[in-house]
Each structure stands twice: as structure tokens, then as C-alpha cells.
Amino acid sequence: MKMGIKEFRERIGEVALGEEPVVLTHHGKRVGRYVPDRAPSLDDAELTAWVGRMQAFGRQWRAVTPDWREQLHALGEPEEDIAALEAEDRCC
């Protein structure tokens, strides 16, 4: 879809909820593009399952990565979060 800046401004609510990309024009010349970023919504069961998969992935990654603590430090992970992961690994 193609529309001018003024029309885009007037219809932003409608456009933001749509799925079609919009080419923005000003006096007929292309000046930008808007691409809606609509993440799928998850219900509680799907979210719980996803969290479980991510936690399992984290445990697996830590099991095969000997220097995982140093890597998390380098990424700026807080020390208390790293300690919580160590405690989780010890209990399971």
C-alpha cells in the first residue's frame, strides 16, 4: 500500500493494526516505509510451555559451555542472576 504522510498520520491506528506494509510518500516521492511488527499473542498454556523450553535450553547451554559464567559476565548479566542459575543447576 502507498500513502502520503498526512494520510498515514490520520490513519495510523488503522495502519498499525493491519498486516500490510505501507510505502510513505511526500509529494509523490518515496520517503519511508512502515512495516507492522505484530508478534503472535500466546495464551497462558503456550507461554508456560515456551518458558519451560527456554529454561531447558538454558540448562543445556550451560551444560555444554564450560565458560558460561564468563560469557554471561561479558554480556553484563548481573551477578545475582548468575548465582541463581548456578543454584538452579545444583538442585536439578
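Residues numbered from 1 in each chain as written. Predicted model: local features only at pLDDT ≥ 70, side-chain atom pairs only at ≥ 80, totals over all residues. Heavy atoms only, no water.

(A) A look at the packing of aromatic side chains. In the structure shown here, the tally under the stated rule is one aromatic pair. Ring geometry for Phe8 against Tyr34: centres 5.7 Å apart, planes inclined by 55 degrees, an arrangement best described as tilted. Placement of the pair is Phe8 in helix α1 (residues 5-10) and Tyr34 in strand β3 (residues 29-34), with a sequence separation of 26 residues. The partly exposed category is assigned to Tyr34, whose relative accessible area is 23%. (Phe/Tyr/Trp six-rings, centres within 6.5 Å; stacked < 30°, edge-to-face > 60°. Helix = DSSP H or I, 4+ residues; strand = E, 2+ residues; numbered from the N terminus. Buried < 20%, exposed > 50% of the residue type's maximum accessible area, 1.4 Å probe, protein only.)

(B) Examining the sheet that holds strand β1 (residues 2-4) more closely. Taken in spatial order, the three strands of this open sheet run β1-β2-β3, and their pairing is mixed. Lying at the two open borders of the sheet, with one neighbouring strand each, are β1 and β3. Each neighbouring strand pair of the sheet contributes to a mean axis angle of 35 degrees, computed without reference to strand direction. When β1 meets strand β2 (residues 22-26), the two strands line up parallel, connected through three bridges. Paired with Met3 across the two strands is Leu24, which belongs to β2. (Pairing = 2+ DSSP bridges. Axes fitted to C-alpha atoms, helices over the stretch in contact; angles between N-to-C directions.)

(C) Layout of unusual backbone geometry. The backbone phi angle of His27 is positive, close to 55 degrees, even though this residue is not glycine. The residue His27 is located in the loop between β2 and β3 in this model.

(D) Looking closely at the nonpolar core. Met3, Phe8, Val15, Val22 and Leu24 form the largest nonpolar core, which has five residues in total. In this structure Val15 touches Met3, Phe8, Val22, Tyr34 and Pro36, once residues within four positions along its chain are discounted. (Core = buried A, V, L, I, M, F, W, Y, C linked by side-chain atoms within 4.5 Å. Contact = heavy atoms within 4.5 Å.)

(E) Quick peek at the pairing of β3. Here five bridges tie β2 to β3, and the two strands are oriented antiparallel to one another. In the sheet register, Thr25 faces β3, and the bridge partner there is Arg30.

(F) Local environment of the side chain of Arg62. Mapped onto the elements, Arg62 comes out in helix α3 (residues 44-64). Here Asp89 takes part through its side chain, which lies 2.8 Å from a polar atom of the side chain of Arg62. (Polar contact = N/O pair within 3.5 Å; in protein donor to acceptor, adjacent residues only side chain to side chain.)

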